[in-house]
Amino acid sequence: SNQDTSIPGFIRIVERVRNRNAPADGDGGEEDTNFDPGYEPDWAVISTVKKEREHVPVKNSGAVCFSGQWAFSLPLSELYSLRRSRFSLGRNFLVLTSRGGHPLPPLHFHRGGTRELLRALQRYIILDPSPLDGRLFLAYPQDSGTLPQSFDRLQFLDDGGNDLVSRFIHDPYATTFGGFSKVTNFFRAALRPPESPIHTRTPQDPSLPPQSDEEPGFELITCGVELGPKPDVTRGPPLDKWEEFLDSEGRVTCPEKIKELVFRGGITHSLRKEVWKFLLGFYPWNSTAKEREDILRVKTDEYFRMKVQWKSVSEEQEMRNSLLRGYRSLIERDVNRTDRHNTFFSGNDNPGLTLLHDVLMTYCMYNFDLGYVQGMSDLLSPILFVTQNEVESFWCLTGFMELVHQNFEESQEAMKQQLLQLSILLKALDPELCDFLDSQDSGSLCFCFRWLLIWFKREFSFEDILTLWEVLWTRLPCENFHLLIACSILESQREELIGSNHDFNTILKRDTAPPQPITGRSCSF
């Protein structure tokens, strides 16, 4: 329910004025009830400081004071740094770190307001940008000599910093920053463990009306899932019998059982030529042997009719057809560098290269709207290697393209959506790695683009790709299983990524370099 997953809250800066006779902190005293911040930011700083309604037991963790389940406060004199960043989904967040070196949970601003908060903080402290990281600001105590210079350097205030400084260089203030957060608990187990000092208050009774000053302005999200230890998973035996799944007419009796076996263990190489045609839709699962003979005859005629269309175009005609000329040029270039290490495509004047070229040219006739896009040769070569038949490989390619054709569309909307989904998965499964990538400007996961575009074709060995693709073609356990595999690859490489502290350029070069194949055994998929 909403009551279980969201806790509305607010953030405010409380200004306490001390005089010589004022009691020390913790000895009582009145709060200023007429505090006016002088502006109305988007996230609505509370303009009136209210008296404490009831006594709440307070627990301290260094300079940070936790006074409730999600409430905390921090004297600005104890604030060491403030990091302003952007989550890979586009939301701004701030991370406050105390002088004791303890970072507070990140504060996510879904509706803006980070700039207004920084403006307010500058009334009491100096925020000096780090020379090494433009998103990191170091906090210094207020000083009449350095404060004007600080405002000029930061250029946060359009109306000039000197006027603002002149209003606050009189008596010193003991300024306390109090934050109450609206928490999105989209993974209940992701919240802090029971022994954490943050879990000190029973959640508000749902029957009570919400407090009037609990206005949502940002979210405190502690992302992470306690998944527990990884179970011991072993691959099952490959599918090595086919005839026993056929009835007297050659119809497959239990397609779901076959898909389950393929998902668990793959297919022996000798059966791939037959089973792949079912997985890729060339043959319907409920077709009889006689019906499949008819399908093959019709599909063969249809293929060669389309092939004749581009084969019969003269050089003079092609000179006036820039689209076809462009497709041919791209295909010839890609064919000459696709899987040349494989004996089926190696050497000059190899018939396998001719088949690869002809099938791709014919696909341009089959799908005028899409035509040929770089990367499609990578999808065809394993299919052609297994079937070793021009017609069958073409129709298996069309079935494969039905699954991934949106990856190659010019708008790239499908690729953007998949990268977004991958980011969400990684944030849930490994928030530490996700935060590291975000800190290196790699939170968009654009270095995974090639992985998803051609389904890891250049990341795994050729033999592993045959197994991986037939597993993915079963569409088990879900249609986006390839995103979980991408997460598994990132997880397997996390120590090297985090330990080496790679920057964005290094990560991009490393993960899009010529392949050094990852073995399927090194990833937990």
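Residues numbered from 1 in each chain as written. Predicted model: local features only at pLDDT ≥ 70, side-chain atom pairs only at ≥ 80, totals over all residues. Heavy atoms only, no water.

- Under an unreviewed UniProt entry, the name given to the protein chain is TBC1 domain family, member 17, and the organism recorded is Oreochromis niloticus.
- UniProt lists a comment for the protein chain under the heading Subcellular location (unreviewed entry), and it reads "Cytoplasm". (UniProt positions renumbered as here; feature names shortened; annotations may be inferred.)

1. Concerning the overall build of the protein chain
Okay, so step 1: The secondary structure content of the protein chain amounts to 19 helices and 13 strands.
Okay, so step 2: The 525 residues of the protein chain split such that 46% are buried.
Okay, so step 3: Restricting the contact set of the protein chain to residue pairs at least 6 apart, pairs at least 24 apart contribute 68%.
Okay, so step 4: When the accessible surface of the protein chain is totalled, it reaches about 27500 Å², and 50% of it is carbon and sulfur. (Helix = DSSP H or I, 4+ residues; strand = E, 2+ residues; numbered from the N terminus. Buried < 20%, exposed > 50% of the residue type's maximum accessible area, 1.4 Å probe, protein only. Contact = heavy atoms within 4.5 Å. Areas by Shrake-Rupley, 256 points an atom, 1.4 Å probe, with all protein chains shown as cover.)

2. Considerations on the environment of Leu490
Okay, so step 1: Tracing the chain through its elements places Leu490 in helix H17 (residues 481-492).
Okay, so step 2: Not counting chain neighbours up to four residues away, the residues in contact with Leu490 comprise Leu426, Leu433, Phe447, Cys448 and Trp451.

3. Remarks on the packing of helix H9 (residues 322-335) against helix H10 (residues 351-366)
Okay, so step 1: Running from N to C, H9 and H10 point in directions that differ by 150°, and their axes come no closer than 10 Å. By the angle between their directions, the pair H9 and H10 is classed as roughly antiparallel. H10 is crossed by H9, and the crossing has right-handed handedness. Residues Leu324, Tyr327, Arg328, Ile331, Glu332 and Val335 of H9 form the contact with H10, whose own contacting residues are Leu353, Leu356, His357, Leu360, Met361, Cys364 and Met365.
Okay, so step 2: For the contact of H9 with H10, the residue count by class is 10 nonpolar, 1 polar and 2 charged. (Axes fitted to C-alpha atoms, helices over the stretch in contact; angles between N-to-C directions. Parallel < 35°, antiparallel > 145°, perpendicular 65-115°, else oblique. Left-handed = near helix turned anticlockwise from the far one by under 90°. Nonpolar A, V, L, I, M, F, W, Y, C, P; charged D, E, K, R; others polar.)

4. Some words on the packing of aromatic side chains
Okay, so step 1: Throughout the structure, instances matching the rule amount to 23 aromatic pairs.
Okay, so step 2: Aromatic side chains Trp451 and Phe456 sit 6.5 Å apart centroid to centroid with 45° between the ring planes, which places their arrangement in the tilted category. In terms of burial, Trp451 and Phe456 fall into one category: buried. (Phe/Tyr/Trp six-rings, centres within 6.5 Å; stacked < 30°, edge-to-face > 60°.)

5. Examining a nonpolar patch on the surface
Okay, so step 1: Residues Leu227, Leu429 and Leu484 make up a contiguous nonpolar surface patch of roughly 260 Å² in combined accessible area.
Okay, so step 2: Considering the arrangement of structural elements, one finds Leu484 in helix H17.
Okay, so step 3: According to the relative accessible area criterion, Leu484 is partly exposed, its value standing at 34%. (Patch = residues over 30% accessible without salt bridge, like charges linked within 9 Å, V, L, I, M, F, W, Y side chains within 5 Å. Salt bridge = Lys/Arg side-chain N within 4 Å of Asp/Glu carboxyl O.)

6. As for unusual backbone geometry
Okay, so step 1: For the bond running from Leu476 to Pro477, omega is -10°, close enough to zero to count as cis.
Okay, so step 2: Inspection of the secondary structure assignment puts Pro477 in the loop between helix H16 (462-473) and H17.
Okay, so step 3: In this structure, Trp455 takes a positive phi of about 55° despite not being glycine.
Okay, so step 4: One can find Trp455 in the loop between helix H15 (449-453) and H16.
Okay, so step 5: A positive phi angle, near 65°, is found at Phe456, a position not held by glycine.
Okay, so step 6: Position of Phe456 relative to the elements: it lies in the loop between H15 and H16.

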